[in-house]
Amino acid sequence: MKKLVVTIVAELEVPDDWELARHPSGISVLKIGDRFVDFDLTPLATTSSDPDAEWSDADVEVVGKVLDAVTGLDVDLEFITRH
């Protein structure tokens, strides 16, 4: 068995009223109004080799296999203010 490390970096430009908060479960999340938002790994799959193929999480079997292989997940959230 081998280990795959997936690094995903996303930058979002968000309104000033969105904030970082600590959910009662102890995780850091994005707070939008009364909603807590966390980020997660969502595997997408296709059977098409077409460059314009549609990717989705509809293949429950494949998505399930990938998610079952996840042994750890860490999400880091921070605001970067540029002037």
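One can find the structure itself at the top, above this paragraph.
Below is a summary of the structure that appears in this document. (Residues numbered from 1 in each chain as written. Predicted model: local features only at pLDDT ≥ 70, side-chain atom pairs only at ≥ 80, totals over all residues. Heavy atoms only, no water.)

**Details of the sheet that holds strand E3 (residues 35-37)**
Consideration 1: The strand order E1-E2-E3 describes an open sheet built from three strands, whose pairing is antiparallel. Each edge of the sheet is formed by a strand with only one pairing partner; in this case those strands are strand E1 (19-22) and E3. This sheet shows a mean twist of 45° between the axes of neighbouring strands, independent of strand direction. (Pairing = 2+ DSSP bridges. Helix = DSSP H or I, 4+ residues; strand = E, 2+ residues; numbered from the N terminus. Axes fitted to C-alpha atoms, helices over the stretch in contact; angles between N-to-C directions.)

**Here we look at the pairing of strand E2 (residues 28-32)**
Consideration 1: Pairing of E1 with E2 involves four bridges; the strand directions are antiparallel. Bridged to alanine 21 within E2 is valine 29.
Consideration 2: Hairpin connection from E1 to E2: five residues lie between these consecutive antiparallel strands, with glycine 26 at a positive phi of about 100°.
Consideration 3: Pairing analysis gives three bridges linking E2 to E3, with the strands arranged antiparallel. Paired with leucine 30 across the strands is valine 37, a residue of E3.
Consideration 4: The loop that links E2 with its antiparallel partner E3 comprises two residues; one of these, glycine 33, has a positive phi angle of about 60°.

**A look at a nonpolar patch on the surface**
Consideration 1: On the surface, Leu12, Phe39, Leu67, Val70, Leu73 and Val75 cluster together into a nonpolar patch covering about 480 Å² of accessible area.
Consideration 2: By secondary structure assignment, the location of leucine 67 is in helix H1 (residues 60-69).
Consideration 3: Given the relative accessible area of 40%, leucine 67 is considered partly exposed. (Patch = residues over 30% accessible without salt bridge, like charges linked within 9 Å, V, L, I, M, F, W, Y side chains within 5 Å. Areas by Shrake-Rupley, 256 points an atom, 1.4 Å probe, with all protein chains shown as cover. Salt bridge = Lys/Arg side-chain N within 4 Å of Asp/Glu carboxyl O. Buried < 20%, exposed > 50% of the residue type's maximum accessible area, 1.4 Å probe, protein only.)

**What about the environment of leucine 77?**
Consideration 1: Within the element layout of this structure, leucine 77 appears in the segment after H1.
Consideration 2: Residue leucine 77 is classed as partly exposed on the basis of its relative accessible area of 22%.
Consideration 3: A sequence separation of 76 residues divides leucine 77 from methionine 1, and the C-alpha atoms of the two residues are 31 Å apart.
Consideration 4: Discounting residues that sit within four places of it in the chain, leucine 77 has contacts with Leu20, Ser28, Val29, Leu30 and Phe39. (Contact = heavy atoms within 4.5 Å.)

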